[in-house]
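Examination of the molecular architecture
One letter stands for each residue in the lines below.
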Amino acid sequence: MPSLPKILQCQQVAQSKLFRVEQLQLQFSNGEQRTYERLAGGKTAAVIIVPMLDSDTVLLIREYGVGVEGYELGLPKGKVDAGETHIEAANRELKEEVGYGAKDLQLMKCLSQSPNYMQHKTQIVLARNLYPERLEGDEPEPLDVVPAKLSELEQWIARDDLTEARSIAALLLARQYLQSLK
C-alpha cells in the first residue's frame, strides 16, 4: 500500500451553519500534486440507532428530509454532544426521537459517508431491552414511529421512502448480527 499523501496546504473556502468546505493541496507518494475539496467534519461524531422492540421488530421513524424534499423512513440518529459518549448520545437520541430508552446499547460499526469528499463518520448502535421514556427533542414536528420486521427487511428496503444508505446498512448489519446469535 502506498504511503498517505502529504497535505501541503489546507484552507477553508466556504462555511454555512451546517458545513465547512476545505480545499487541500496534496502531494502523492509518486510526486503528483492535486487539489481536493472536502466537507470538513465537525468536532463531534454522529450515531445511528437500531432500536429493537423485540427480537424481530425494529422501530423506524418517518421524518422530513429537505435533501430529498419528502418524508423518509429511517433509523433515529443524531450528533454526539460535547462530553457525551456514543452510547450516551444514542440513548438520548432514542428517547428524543422514538420515546424509548435502552438498557442494552452496543456499538456495532463506524461508517464513513462518501470518504472521497467527506470527513463525517457515523457509529451504528444496536439498542435492545427498550423501556418507555421520552425526552424533548429538537425536531420541528412530531416524528412518526413505524415498527418494521427485520424478517421482512427486503420488502422495507424496496420501498420508495426508505432510501438512506446509513439506515439500510445499519439494518442489514444488525440483522446479520442478530441472526448469528441464534
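Our structure's up above, just so we're on the same page.
Notes on the structure follow. Quick caveat, the model's predicted, so the values are computed rather than measured.

Focus on the pattern of salt bridges
A complete count under the given rule lists 16 salt bridges for this structure. Between Arg92 and Glu96 there is a salt bridge whose closest N-O contact spans 3.4 Å. Here Arg92 pairs with Glu96, and both are found in helix H1 (residues 86-97), just four residues apart, close to one helical turn. Across the pair, Glu96 and Arg92 agree in class, each one buried. Ionic pairing is found between Glu164 and Arg166, a salt bridge with its closest N-O pair at 2.7 Å. Its relative accessible area of 18% is what places Arg166 among the buried residues. Where salt bridges share partners, they join Lys79, Asp81, Glu84, Arg92, Glu93 and Glu96 into one cluster.

A short note on the side chain of Arg166
Relative to the helices and strands, Arg166 is located in helix H3 (residues 165-180). One polar contact links Arg166 to Gln113, side chain to side chain, over a distance of 3.2 Å. The contacts of Arg166, once residues within four sequence positions are left out, are Ile48, Lys77, Leu111, Gln113, His120 and Thr122.

A closer look at the environment of Arg128
Of note, Arg128 is situated in strand E9 (residues 121-132). On a C-alpha basis, the gap between Arg128 and Gln9 in space is 45 Å, while along the polypeptide they are 119 residues apart. Those residues in contact with Arg128, other than ones at most four positions away along the chain, are Met52, Ala102, Lys103, Asp104, Gln106, Tyr177, Leu178 and Leu181.

Procedures and definitions
- Residues numbered from 1 in each chain as written.
- Predicted model: local features only at pLDDT ≥ 70, side-chain atom pairs only at ≥ 80, totals over all residues.
- Heavy atoms only, no water.
- Salt bridge = Lys/Arg side-chain N within 4 Å of Asp/Glu carboxyl O.
- Helix = DSSP H or I, 4+ residues; strand = E, 2+ residues; numbered from the N terminus.
- Buried < 20%, exposed > 50% of the residue type's maximum accessible area, 1.4 Å probe, protein only.
- Polar contact = N/O pair within 3.5 Å; in protein donor to acceptor, adjacent residues only side chain to side chain.
- Contact = heavy atoms within 4.5 Å.

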